[in-house]
Amino acid sequence: MLRLLDRLEEVIITVLIAAATILIFLAVTHRFAIGFAADMVGFARNVEIDGLMRFARATFKFVNGLKMTWAQEACIYMFVWMAKFGAAYGVRTGIHVGVDILAERLTGARRRAITTIAMSGGVVFTAILTWIGADFVWHVAKGGQVSPDLELKMWIIYLAVPLGSALMCFRFLQALHMFWTTGEMAHHDHGAVDGLDEEADDLAKGGQA
Amino acid sequence: MTALLIFAILALLLVTGMPVSIALGLTVFTFLFGFSDVPLDAIALKLFTGIEKFEIMAIPFFILAGNFLTHGGVARRMIRFASSMVGHWYGGLGLASVVSCALFAAISGSSPATVMAVGSILLPAMVKQGYPAQFGVGTITSAGGLGILIPPSIVMVMYAVATSGMVVQGPDGQPVMSASIGDLFIAGVVPGLVLAMMLAGTTTYRAWKFNYPRLPRAPMIDRWTAFRDSVWGLMLIVIIMGGIYGGIFTPTEAAAVSAVYAFVVAVYVYKDIKLSEVPKVLLNSAAMSAMLLYIITNAVMFAFILTSEQIPQALSAWIVDFGFGKIGFLLIVNVMLLMIGMVMEPSAIVLIMAPILYPVAMALGVDPVHFGIMLVVNMEIGLCTPPVGLNLYVASSLSKLGLTEVTRATWPWLLTMLTFLALISYVPAITLTLPRLLGM
C-alpha cells in the first residue's frame, strides 16, 4: 500500500514535468508554423502557382485553427501540482536543504532533540497548510470560479495545496519515525553526476583526459 | 522592532536545521498568529497564487535541460575541447580545468555537479601529471561556481522573480522598472567571461611561478574534432541567449525548447543516456524544481509580510537618512551577503534578501540589473567559502583532502573572486555596457 503511494507520487511528478515540457515546446513550434504557413501563402501569391496557393492557404487555415493559447495556463497548473507533490517526494528523499551546521556539530541527545524540533516544524507547517488549503478550496468551490483560458474549475486546481500538504505532512511524520527508530535521515547528494564511473574507467585504461 | 522580531524568529527556526522553505513558512504563521492583524485570507491567497507566473516556470525547464547534460560524457567532451585549446599554455591542465568548468557549468547550471564532473576526471589526471592535488582542487572548486554567473542561471531567475512586481522608487522619486530575466542573462555574459579570465590568470600565474607541467600543443585536427564533439552541448547556450535576445521566445519558452534540445542531444546525439533512463532524469529534475518552487512559494509569503509591515521602506528610509551613500551601502550588502552565503544556499538567500535590499538599492540609485549581478557574484563566492560551501564539500570528498586543506588550497582563487566582486560592485559599466549596447 505504501509502495503504491510512493510509486504514484513518482509517476505523477515525472509525467507532469514531461507533459509540460512537450506542451510548451509544441506551443512554440505551433507559433512558428503559423508564421511559416503565412510566409508560404505570400510566396505562392507572388509566384502565382495555383496548386501551391491552395495548399498554402489550407495549411495556414489548419495551423491557425489550432489554438494553443491555453498552453501557458496549462503549464502553470501542471507545475503547481508538480511542485506540491514533488515537495512531498523531496521530504522522502531529503532534497530540502536547511542550515544544518549546528545540528551537524551536536551529538547524542542534543542532536536528537534539535532534529526532532526541525522535523516537527515540518509536520506543524504542513498540517496548518492542509487546514488553510482545505478551507480555501471549500470557499472557492462554493464561489464557482473558473480559470480564464481552460475554464477549469479553480477549486480542482487549488486542491493541489491541501492534498500535497497532507502528503507532505505524512512524509515528515514518516521521516521523524525513521529518525527515532533508526537514527537515520534521508540525504540528497546535490553533487551527484551520472556516467562518471565509465569515464574513470576509460582513464584507467590509459586514455588521456 | 517588528523587523527584528521577524528575523529573530526566522533565525531561530533556521538554526534547528529545518528546511529553509519550512522555516520561512513557520515564521510567517508565527508572526501572523502571535503578533499581527494581517488577515489570514490574504496569506492563503499568496499560498495559491505565489508561483502562478509563467516566468517562474523557466526554473523547472532549465533544471531539466541541465540535468540531461549533467553527465560524465559531456564533461569529458568539454575537458577534451578545453585542454586541446589551452593545455599547451602555462597552467596546462589547470587552465584547461578552468575553461572546462566554465563550459560545463554554463550547460549544467549546477555548481556542485560541475566540481564533481570535471573534478573526478581532471583531478586524477592532474595528479598523475605531477601537479600538487591542492592546485587542482583550488582551480576546480572556484571555477565550478561560474555556473550561476554564466547564463542560463537559476539564481538570476530567482532574483527577477523576487523583485518583479515590486513598486519601488529611485532617488528622484520616479518608479524603477525591475530587471527582466533576459536583461540579467545578457548582463551576466561579460562578468562571467571576465571572472573566468581572472581565474585563468591566477591559475597561469601560479603555474608559471611554481613551474608546473604543460601539455604538448594539440594539432589543429584534434582541436577541430574536440570542438565538433562539444559544440552540440554548447549550442544550448546559443539557443537560449539567441532566442531570448532575438525576441524569438520568452525566457520560459527558451527554457522549454532547450530542455527538448538537451533531451535530443543526450539521448540521440551523444547517446550518454538511454531512453530507459529518461524517467529517472525527469524525476530528479521534478524533485529539484519542486524544492525550489516550494521555497519560492514560502518566500513570497514572507516577502508579503515584510512589505505589509513596511519593513523595506523603513530600512531604506533609515539607510538613506544615515548617509551611507551608494558606496557604503554596497559595501555593507556585500559583507552581509558573504556572511549569509557561508551558511545558506544561493536561491534561498536571493529570495529572502532581495525583497529587503532591492528597494534600498533603488532608492540610492543603483541599477536593478547591476544590483542583481552583484548579488549573484556574492552567491558564487558563498559556494566556495566554509563552513557550508557546497563546492568545498564536493572537492574535499573527491580529493580526499580535509575541508580545511581544501579551503586553504582555494584561497588564491577566492582572493581573485573577492577582487572581482569589488570590481563588479563599483564598476557598473562591466555589467551594463553589453545590455545597453544591445539596446535593452
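Residues numbered from 1 in each chain as written. Chains lettered and ligands numbered in written order. Predicted model: local features only at pLDDT ≥ 70, side-chain atom pairs only at ≥ 80, totals over all residues. Heavy atoms only, no water.

(A) Highlighting the overall build of chain A. On a plain count of helices and strands, chain A comes out with eight helices and zero strands. Its C-alpha atoms give chain A principal-axis dimensions of about 85 × 70 × 30 Å. Out of the 209 residues in chain A, the part that is buried amounts to 43%. Here the analysis covers contacts within chain A between residues at least 6 apart in sequence; of these, 75% occur between residues at least 24 apart. Of the roughly 11,600 Å² that chain A leaves accessible, carbon and sulfur atoms contribute 64%. On chain A, the mean spot of the 18 positive side-chain charges and the mean spot of the 20 negative ones are 9 Å from each other. (Helix = DSSP H or I, 4+ residues; strand = E, 2+ residues; numbered from the N terminus. Buried < 20%, exposed > 50% of the residue type's maximum accessible area, 1.4 Å probe, protein only. Contact = heavy atoms within 4.5 Å. Areas by Shrake-Rupley, 256 points an atom, 1.4 Å probe, with all protein chains shown as cover. Lys, Arg positive; Asp, Glu negative; His and termini not counted. Charge placed at Lys NZ, Arg CZ, Asp CG, Glu CD.)

(B) How the structure looks around the packing of aromatic side chains. Enumeration over the complete set of coordinates arrives at 20 aromatic pairs over all chains. Ring centres 5.6 Å apart and planes at 5° place the aromatic pair Trp81(A) and Phe85(A) in the stacked group. A residue pair is termed a helical-turn pair when its members lie 3 or 4 positions apart in one helix, as Trp81(A) and Phe85(A) do in helix α3 (residues 71–93) at four residues. Exposure remark for Trp81(A): the relative accessible area of 21% places this residue in the partly exposed category. On the basis of an interplanar angle of 40° and a centroid distance of 5.5 Å, the ring pair of Phe125(A) and Phe29(B) is categorised as tilted. One end of the pair, Phe125(A), is in helix α5 (residues 108–143); the other, Phe29(B), is in helix α2 (residues 20–35), on a second chain. Of the two residues examined, Phe125(A) and Phe29(B), each falls in the buried class. (Phe/Tyr/Trp six-rings, centres within 6.5 Å; stacked < 30°, edge-to-face > 60°.)

(C) Region of interest: the interface of chain B and chain A. Listed by partner, the interface residues are 73 residues for chain B and 64 residues for chain A. Summing the contributions of chain B and of chain A, the shared interface buries around 6,000 Å²; its carbon and sulfur component is 78%. In this structure, the connection of chain B to chain A is made through one salt bridge. Applying the counting criterion to the chain B and chain A interface returns three residue pairs in polar contact (both at pLDDT 80 or more). Mapped onto the side of chain B that touches chain A, the elements with two or more residues apiece are α1 (2–15), α2, α3 (40–49), α4 (58–69), α5 (72–86), α7 (111–128), α12 (251–269) and α13 (278–308) of chain B. For the side of chain B that touches chain A, the leading source of residues is α13(B), giving 16 residues. For the side of chain B that touches chain A, the class distribution of residues is 49 nonpolar, 16 polar and eight charged. (Buried area = accessible area lost by both parts, 1.4 Å probe. Salt bridge = Lys/Arg side-chain N within 4 Å of Asp/Glu carboxyl O. Polar contact = N/O pair within 3.5 Å; in protein donor to acceptor, adjacent residues only side chain to side chain. Nonpolar A, V, L, I, M, F, W, Y, C, P; charged D, E, K, R; others polar.)

(D) How the structure looks around the state of the cysteines. Residue and element names in this part refer to chain B. Per the counting criterion, the structure on display carries zero disulfides over all chains. Unpaired in this structure, Cys-101 has its nearest cysteine sulfur neighbour in Cys-384, at a distance of 10 Å. A relative accessible area of 0% places Cys-101 in the buried class. (Disulfide = S-S within 2.5 Å.)

(E) Spotlight on the layout of surface pockets. When its volume is computed, the second largest pocket comes out at roughly 990 Å³. If you trace the second largest pocket, you find 48 residues lining it, with His190(A), Asn67(B), Ser110(B), Ala113(B) and Met288(B) closest to the centre. Elements represented by at least two residues in the lining of the second largest pocket include exactly α4, α6 (92–108), α7, α9 (154–163), α11 (220–245), α13 and α16 (346–363) of chain B. If you tally residues by element for the lining of the second largest pocket, the top one is α13(B), at six residues. Split by residue class, the lining of the second largest pocket holds 25 nonpolar, 14 polar and nine charged. (1 Å grid on protein atoms, 1.4 Å probe; cavity = no way out; pocket = protein on both sides within 12 Å on 5 of 7 lines; lining within 4 Å. Points joined across faces, edges and corners; volume = space filled by probe spheres on them.)

(F) Representation of the nonpolar core within the structure. Residues and elements named next belong to chain B. With 223 residues, the main nonpolar core has Ile-59, Tyr-159, Phe-185, Ile-296, Phe-329 and Phe-371 as its most contacted residues. Examining the composition of this core, we find that 17 residues originate from one element, α13, more than from any other. In this view, Ile-59 contacts Ile-154, Val-157, Met-158, Leu-292 and Ile-296; residues no more than four positions away in its chain are not counted. (Core = buried A, V, L, I, M, F, W, Y, C linked by side-chain atoms within 4.5 Å.)

(G) Molecular detail of α16(B). All names here are of chain B. Taking 1.5 Å per residue as the helical rise, α16 with its 18 residues ought to reach 26 Å, and the 24 Å between its terminal C-alpha atoms agrees with that figure. If you look at α16, its biggest bend is around 50°, right at Ala-354, and the proline Pro-355 turns up within four residues after that. Taking burial as the measure, the 18 residues of α16 include 18 buried ones, the bulk of the element. Following α16 by one or two positions, Gly-365 has its phi on the positive side, about 85°. (Expected span 1.5 Å × (residues − 1). Bend = angle between axes of the 7 residues up to and from the residue.)

(H) Up close: the packing of helix α1 (residues 2–47) of chain A against helix α2 (residues 50–65) of chain A. Residue and element names in this part refer to chain A. The contact between α1 and α2 brings their axes to 8 Å, and the two run at 155°. Considered as vectors, α1 and α2 are oriented roughly antiparallel to each other. Relative to α2, the crossing made by α1 is left-handed. Residues His-30, Ala-33, Ile-34, Ala-37, Ala-38, Met-40, Val-41, Phe-43, Ala-44 and Arg-45 of α1 touch α2, and the partners they reach there are Leu-52, Met-53, Phe-55, Ala-56, Arg-57, Thr-59, Phe-60, Val-63 and Asn-64. Each residue belonging to the contact of α1 with α2 can be placed in one class, and the counts come to 14 nonpolar, three polar and two charged. (Axes fitted to C-alpha atoms, helices over the stretch in contact; angles between N-to-C directions. Parallel < 35°, antiparallel > 145°, perpendicular 65-115°, else oblique. Left-handed = near helix turned anticlockwise from the far one by under 90°.)

(I) Layout of the side chain of Ser258(B). Residues and elements named next belong to chain B. Locating Ser-258 in the fold gives a position in helix α12. Since its relative accessible area comes to 0%, Ser-258 is described here as buried. Each residue touching Ser-258, except ones within four places of it in the same chain, is listed here: Phe-62, Ala-65, Leu-236 and Ile-240.

(J) Focus on the packing of α4(B) against α12(B). All names here are of chain B. Running from amino to carboxyl end, α4 crosses α12 at an angle of 20°, the nearest separation of the two axes being 8 Å. Taken together, the axis directions place α4 and α12 in an arrangement best described as roughly parallel. Here α4 runs over α12; the crossing is left-handed. On α12, the residues that touch Ala-58, Phe-61, Phe-62, Leu-64, Ala-65, Phe-68 and Leu-69 of α4 are Pro-251, Thr-252, Ala-255, Ala-256, Ser-258, Ala-259, Ala-262, Phe-263, Val-265 and Ala-266. Looking at the contact of α4 with α12 residue by residue, the class counts come to 15 nonpolar, two polar and no charged.

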